[in-house]
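Tertiary structure, described
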Amino acid sequence: MDKYDKIIDLTKRRGFLWNSFEIYGGIAGFFDYGPLGAILKNNVINTWRKHYIVNEGFYEIDSPTVTPYEVLKASGHVENFTDPLVECKDCLESFRADHIIEENVDVDTEGKTLQELQEMIEKNNIRCPKCGGEFKEVSTFNLMFATSIGPGGKRAAFMRPETAQGIFIQFKRISQFFRNKLPFGAVQIGKAYRNEISPRQGVIRLREFTQAEGEFFIDSRKKENFEKFESVKDMVLPLLSGKNQEDESLSSEEKVVKMSLSDAVKNGIIAHEAIAYYIAVTKKFLMEIGIDETKLRFRQHLPNEMAHYAADCWDAELYTDRYGWIECVGVADRTNYDLLAHMKNSGDDLSV
């Protein structure tokens, strides 16, 4: 039993984590928090609240987890919230194409197209880990759990894949609460649902999990000169920029550069002072809950992996012995994409 398995075994015996539905055989991607796990989880949530609600002055809302189809159609999730899927021709077992490649070949699949993933599988003769069979063509799989509202299933809906849309939908009410004066922030903490293809990374990828999201609304003309940035401008962070990721002349160690946030903004690595400030807030939160600073970095999304709503996006990534670098927090400039999309599709005015 390796270190990871020993830790998971310890969490079960001590009452931190238990496999859900265990007496019925369990289902991958679901975990229960035991008595000590629930306490630990709530401590993390309360620390998060301290940083964003107490320190930053955001206010919390609580919206339904069931979301009508038209909301997620407007937000782009119906078309874009997907992962690459491969299915075995023989046993019909499904896997994430990018994960199955990385498990067999020392290569980074971030941002690769379906065609590129297919070529990697064929070139390296990657077979089904369960039965050794060949894979079908790589395709896309929408990660949202479909459901319906009311009898007869006439009103299509999904279990929400993120907590942010509840904030955007209620933007007009939130803005009125803040007396229509920018900037202001809102947070939501609650369950989110993602029908992961083959969750095999313990509690890292779950099909039902608690998510904390904060949305900060600011006049787009004031992102460049953000008043709060002055307090964090000298903070030094390990940054893995998109440019360095694509520079094949650099080693993996050379690609990560430690620099101050002021230099990162000045050199055009981070888009502007506002997103840089919330990257700093993210680091402060992670340090307070006990993350090892030597195993933390901030990685910029490449252009071909950027979310459909984002102008710039940075992931706080943590290094794990078993799985390598894992995304823990995403900090994105979503522009006014969501608000414009909901204005267009609802016909309501969400401007301020």
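Provided above is the structure to which this section pertains.
What this report covers is the structure whose coordinates are included nearby. Since the model is a prediction, treat every value here as computed from it, not as a measurement.

1. Things to note about empty space enclosed by the protein
Scanning the model with the defined rule gives 1 cavity of 30 Å³ or more in all. There is about 30 Å³ of room inside the largest cavity. Forming the walls of the largest cavity are Arg96, His99, Glu196, Ser198, Pro199 and Arg205.

2. Side note on the pattern of salt bridges
Tallied over the full model, the rule gives 30 salt bridges. The salt bridge partner of Lys130 is Glu93, with a shortest N-O separation of 3.3 Å. Residue Lys130 is found in the loop between helix H6 (114-123) and strand S7 (139-142), and its partner Glu93 is found in the loop between strand S5 (82-87) and strand S6 (94-96); the two are separated by 37 residues along the sequence. With a relative accessible area of 59%, Lys130 lands in the exposed category. Counted as one network, the salt bridges with shared partners bring together Arg297, Arg299, Glu305, Asp315 and Glu317.

3. Notes on helix H12 (residues 273-288)
The end-to-end C-alpha distance of H12 is 23 Å, a good match for the 22 Å that 16 residues give at a rise of 1.5 Å each. Of all 16 residues in H12, 13 are buried; the element is thus mostly enclosed. Note on H12: the residue one or two positions beyond its end, Gly290, has a positive phi of about 100 degrees.

4. Quick notes on helix H13 (residues 337-346)
Within H13 the residues assigned to the buried category are Asp338, Leu339, Ala341 and His342. For H13, the angular spread of the buried residues around the axis is 165 degrees, confining them to a single face. Where H13 is buried, its residues touch helix H3 (69-74), helix H7 (164-169), helix H8 (171-177) and strand S11 (208-217). Backbone geometry just downstream of H13 places Gly347 in the positive-phi region, at approximately 80 degrees.

5. Quick notes on the packing of aromatic side chains
If you walk through the whole model with that rule in mind, you get 22 aromatic pairs. Plain terms: the ring middles of Trp48 and Tyr52 are 4.5 Å apart, the flat faces sit at 25 degrees to each other, and that makes the pair stacked. In this pair, Trp48 and Tyr52 are both assigned in helix H2 (residues 35-55), 4 residues apart and thus about one turn of the helix distant. Exposure remark for Trp48: the relative accessible area of 8% places this residue in the buried category. Exposure remark for Tyr52: the relative accessible area of 10% places this residue in the buried category.

6. Considerations on the environment of Gly242
Mapped onto the elements, Gly242 comes out in helix H9 (residues 242-245). Spatially, the C-alpha atoms of Gly242 and Leu302 are 5.2 Å apart, while their sequence positions differ by 60 residues. Ignoring anything within four residues of it in the chain, the contact list for Gly242 reads Gln300 and Leu302.

7. A few points about the pairing of strand S12 (residues 236-240)
Of all the 5 residues making up S12, 4 are buried; the element is thus mostly covered by neighbouring parts of the structure. Of the pairings in the sheet, the one linking S12 to strand S13 (residues 256-260) comprises 5 bridges and is antiparallel in character. Looking at the pairing, Val236 lines up with Ser260 of S13.

8. Structural notes on a negative patch on the surface
A cluster of acidic residues, Glu116, Glu119, Glu122 and Glu137, forms a negative patch on the protein surface. Assignment of secondary structure puts Glu116 in helix H6.

9. Observations regarding a nonpolar patch on the surface
Side chains of Phe21, Ile23, Tyr24 and Ile27 sit close together on the surface and give an oily, nonpolar patch of about 560 Å² of accessible area. Mapped onto the fold, Tyr24 is located in the loop between strand S1 (17-19) and strand S2 (31-33).

Calculation notes
- Residue indices follow the written sequence of each chain, beginning from 1 at its first position.
- Local features in this predicted model are restricted to residues of pLDDT 70 or higher, and side-chain atom pairs are both shown and tallied only at a pLDDT of 80 or more, whereas totals for entire chains, interfaces and linings draw on every residue.
- Excluded from the side-chain calculations are hydrogens and water; all other atoms, namely the structure's heavy atoms, are used.
- Cavities and pockets are found on a 1 Å grid laid over the protein atoms alone: a cavity is a set of points where a 1.4 Å probe fits but cannot escape, a pocket is an open set with protein on both sides within 12 Å along at least five of seven lines, and a lining residue has an atom within 4 Å of such a point.
- Grid points are joined across faces, edges and corners, and a volume is the space filled by probe spheres set on the points.
- When a carboxyl oxygen of Asp or Glu is within 4 Å of a side-chain nitrogen of Lys or Arg, the pair counts as a salt bridge.
- A run of H or I in DSSP counts as a helix once it spans at least four residues, and a run of E counts as a strand once it spans at least two, with each numbered from the N terminus.
- Relative accessibility under 20% of the residue-type maximum defines a buried residue, over 50% an exposed one, and the middle range a partly exposed one, all with a 1.4 Å probe and only protein chains included.
- Given a helix with a known number of residues, its expected span is that number minus one, times 1.5 Å.
- Directions from the helix axis toward the C-beta atoms define the arc.
- By definition, residues are in contact when any of their heavy atoms lie within 4.5 Å.
- Here the aromatic set is Phe, Tyr and Trp, taking the six-membered ring for Trp, and pairing holds for ring centres within 6.5 Å; pairs whose planes are under 30 degrees apart are stacked, those over 60 apart are edge-to-face, and all others are tilted.
- A pair of strands is labelled paired if DSSP reports no fewer than 2 bridges between them.
- Residues qualify for a patch when their relative accessible area is over 30% and they have no salt bridge, like charges being joined within 9 Å and the nonpolar side chains of Val, Leu, Ile, Met, Phe, Trp and Tyr within 5 Å.
- Only the protein chains shown count as cover for residues, and the accessible areas themselves come from Shrake-Rupley with a 1.4 Å probe.
- Asp and Glu are treated as the negative residues and Lys and Arg as the positive ones, with His and the ends of the chain left uncounted.
- One atom stands in for each charge, and that atom is NZ of Lys, CZ of Arg, CG of Asp or CD of Glu.

On their own, these measurements won't tell you what the molecule is for.
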